[in-house]
Amino acid sequence: MMHSSQASNSWAVALPRKRWLVYITLGLLVNIAFWSLALLYIKSAPRSYRSVMAVNLPGSTSQTRIDVPGVGGAFVENISPYASSQDPRENFKVIAESGEVSTLASQKIKMSIDEFGSPRIKLIDGTTIMQLEFSGKTPKEAQFKAEAFYDAFEERLNQLRIQESIKREKSFIETTLSSQEKLELAQKRLSDYRARSGLSSEEQIKELSTNIESLRKSRVELLTDYRKTNARFEQLTNDSSLSAREAAEAFTLQADAMFQQILKSLNDVSAGLVLLESRFTSDNPKVIQERVKQQEISTALLGRAQLLLGRSVSQRYIDKLNLNGLNDASAREALLRELVTTQVNQRGIESQIREMDNQIAQLETRLRRLTQLQANVDALKRNVQIAEAVFSSTLAKLDVDRSNTYDSYPLMQIISKPSLPETPSAPKPKLILGGTVFASLLLTSGLFAHWLYRSSTVKKSKANLSLPSDSSLP
């Protein structure tokens with residue numbers, strides 16, 4: 001029993017020592033493996049070089065204004081792409097990462113797309129700069145890749161600009177044709193309306209208004225003459241005790257030779273009758289015969305006067321109109337002649353005033369009609385002017401926008417050209433060695449912690465084995 005117990009205790013002491021050697025050996029082997037692999041990778045891994053370049057996307061705005069005097073204008077303002085919450089560099093990043101750019105760049109340097117790879121794009125916050133990085137097996141290859149990629153990127157942007165320009169041009173052409181059709185239609189409506197209405201220009205209305213004003217002035221002058229003539233006529237009527245009609249009829253009777261001959265015969269018979277009545281009684285046959293003759297001549301005189309004047313008159317009226325039997329016949333005749341002349345002038349002026357009133361009324365009616373037509377013409381002319389302004393503005397905007405091909409895709413500016421790297425970007429010895437050191441320390445610490453844990457477990461087991469042997473003692 002004693003020998004068995006001693007052997008067991010010596011084995012328990014030797015076992016932790018062997019385990020300690022095992023842990024040390026295992027730690028050394030693993031660390032040697034780690035460091036061997038790390039050094040081997042650093043020495044034999046293929047070198048990779050990274051070329052870096054930076055481009056800038058301008059964010060300045062520009063304004064363009066074109067004014068056509070009397071026609072219209074066009075105003076173009078390029079809003080900054082950074083004015084909105086959307087960063088335009090994100091759009092450029094998507095385009096740069098598209099397969100079209102990489103394919104085009106690989107074709108430029110005659111390299112497969114897999115060998116060419118894809119760029120590493122970084123947007124620098126707070127700036128308008130976009131950074132591009134390209135890897136290559138040699139510094140020159142990395143630089144060539146970056147240069148080829150930038151050229152392909154610019155070419156792709158130009159393709160997109162051309163596509164947008166073609167679509168914009170098509171839209172502008174359609175808009176221009178539509179504006180031109182509207183302008184031609186407005187001009188045709190204006191010319192057709194002028195042809196139908198007879199209103200060729202605004203000068204017609206001005207001339208018509210001028211004519212009306214001239215007629216009104218002439219009417220005022222005629223009205224003044226009429227008032228003067230009327231006043232003179234009333235004065236002559238009062239002086240002659242005859243009306244204008246009576247004076248005219250007196251001149252009519254006086255101008256007729258037959259009437260004057262009959263009147264002379266009547267006067268002669270009347271004078272002879274007066275002599276006979278002074279010598280003989282009224283019953284004397286000569287007196288009676290002369291009276292009958294007087295009556296016949298008087299009847300013939302009245303008949304001739306009725307024929308000349310167109311109405312029946314009395315002998316007393318004829319005596320009133322007789323100018324030859326008056327002592328101042330020449331003066332009265334001149335007075336009556338002036339009276340008739342004044343009345344003729346008065347009626348002539350009245351006729352002119354009536355004719356002028358008719359002309360003024362007709363011209364005013366025509367003026368109102370032309371004014372209404374001119375209002376319609378003005379409305380059609382405004383439509384033409386608006387159509388001309390729209391058409392001219394469209395053409396001006398088209399010319400401006402044709403030159404503005406960088407609206408959606410601004411020009412890029414190279415801030416730094418693709419660099420020619422001097423040191424490889426991979427592998428990175430410091431990083432690999434640092435990782436190896438960290439792994440070695442982590443593994444060593446783990447093995448040491450595991451050894452401590454196993455040692456404490458063995459001590460507890462030894463203590464448990466020693467207790468029964470002590471209890472068995474007497």
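Residues numbered from 1 in each chain as written. Predicted model: local features only at pLDDT ≥ 70, side-chain atom pairs only at ≥ 80, totals over all residues. Heavy atoms only, no water.

**Things to note about the overall build of the protein chain**
And step 1. Regarding its fold elements, the protein chain presents 12 helices and six strands.
And step 2. Accessible surface, the protein chain: about 30400 Å² in total, of which carbon and sulfur atoms supply 56%. (Helix = DSSP H or I, 4+ residues; strand = E, 2+ residues; numbered from the N terminus. Areas by Shrake-Rupley, 256 points an atom, 1.4 Å probe, with all protein chains shown as cover.)

**Describing the side chain of Ser179**
And step 1. Within the secondary structure layout, Ser179 lies in helix 5 (residues 139-197).
And step 2. Among all residues touching Ser179, those that are not within four sequence positions of it are Val390, Phe391 and Thr394. (Contact = heavy atoms within 4.5 Å.)

**Quick word on helix 9 (residues 285-309)**
And step 1. The terminal C-alpha atoms of helix 9 lie 36 Å apart, and with 25 residues this matches the ideal 36 Å at 1.5 Å per residue to within 8%.
And step 2. Of the positions making up helix 9, those classed as buried are Val287, Glu290, Ile297, Ser298, Leu301, Arg304, Ala305 and Leu309.
And step 3. Put simply, Asn284 is the residue that caps the front of helix 9, since its side-chain oxygen is 2.8 Å from the backbone nitrogen of Lys286. (Expected span 1.5 Å × (residues − 1). Buried < 20%, exposed > 50% of the residue type's maximum accessible area, 1.4 Å probe, protein only. Polar contact = N/O pair within 3.5 Å; in protein donor to acceptor, adjacent residues only side chain to side chain.)

**Some remarks on the sheet that holds strand 1 (residues 49-56)**
And step 1. Within the open sheet, the four strands sit side by side as 4-5-1-6. Their pairing is antiparallel. The sheet is open, and its two edges are formed by strand 4 (120-123) and strand 6 (413-416), each paired on a single side. Along the sheet, successive strands turn relative to each other by an average axial angle of 30 degrees, direction set aside.
And step 2. As paired strands, strand 1 and strand 6 are joined by three bridges and run antiparallel to one another. Looking at the pairing, Asn56 lines up with Gln413 of strand 6.
And step 3. With respect to the sheet, helix 2 (residues 88-96) is in contact with strand 4 and strand 5 (129-136), its orientation differing from that of strand 4 by roughly 180 degrees.
And step 4. Packing of helix 5 onto the sheet brings it into contact with strand 1, strand 5 and strand 6, and relative to strand 5 it is tilted by some 135 degrees. (Pairing = 2+ DSSP bridges. Axes fitted to C-alpha atoms, helices over the stretch in contact; angles between N-to-C directions.)

**So, the confidence of the model for the protein chain**
And step 1. For the protein chain, per-residue confidence averages 75 on the pLDDT scale, and 72% of positions sit at 70 or higher.
And step 2. No element of the protein chain has a lower mean pLDDT than strand 3 (residues 72-78), at 53, and none a higher one than strand 4, at 86.
And step 3. Predicted confidence for residues 325-329 stays below pLDDT 50, and this span has two contacts to residues more than four positions away or in other chains.
And step 4. Here residues 469-474 is a poorly scored stretch, pLDDT under 50, and it has zero contacts once near neighbours within four places are set aside; other chains count. (pLDDT = per-residue confidence, 0-100.)

**Topic: the environment of Thr365**
And step 1. Here Thr365 is to be found in helix 11 (residues 329-403).
And step 2. Given the relative accessible area of 44%, Thr365 is considered partly exposed.
And step 3. One polar contact links Thr365 to Arg368, side chain to side chain, over a distance of 3.3 Å.

**Section: the pattern of salt bridges**
And step 1. Scanning the model with the defined rule gives nine salt bridges in all.
And step 2. Here Glu141 ties to Lys145 by a salt bridge, and the two come within 3.5 Å at their closest N and O atoms. Of this pair, Glu141 and Lys145 both sit in helix 5, four residues apart, roughly one helical turn. An identical accessibility class is assigned to Glu141 and Lys145; each is buried.
And step 3. Note that Asp357 and Arg219 form a salt bridge whose closest N and O atoms lie 2.3 Å from each other. Separated by 138 residues along the polypeptide, Asp357 in helix 11 and Arg219 in helix 6 (residues 203-240) bring together distant segments of the chain. (Salt bridge = Lys/Arg side-chain N within 4 Å of Asp/Glu carboxyl O.)

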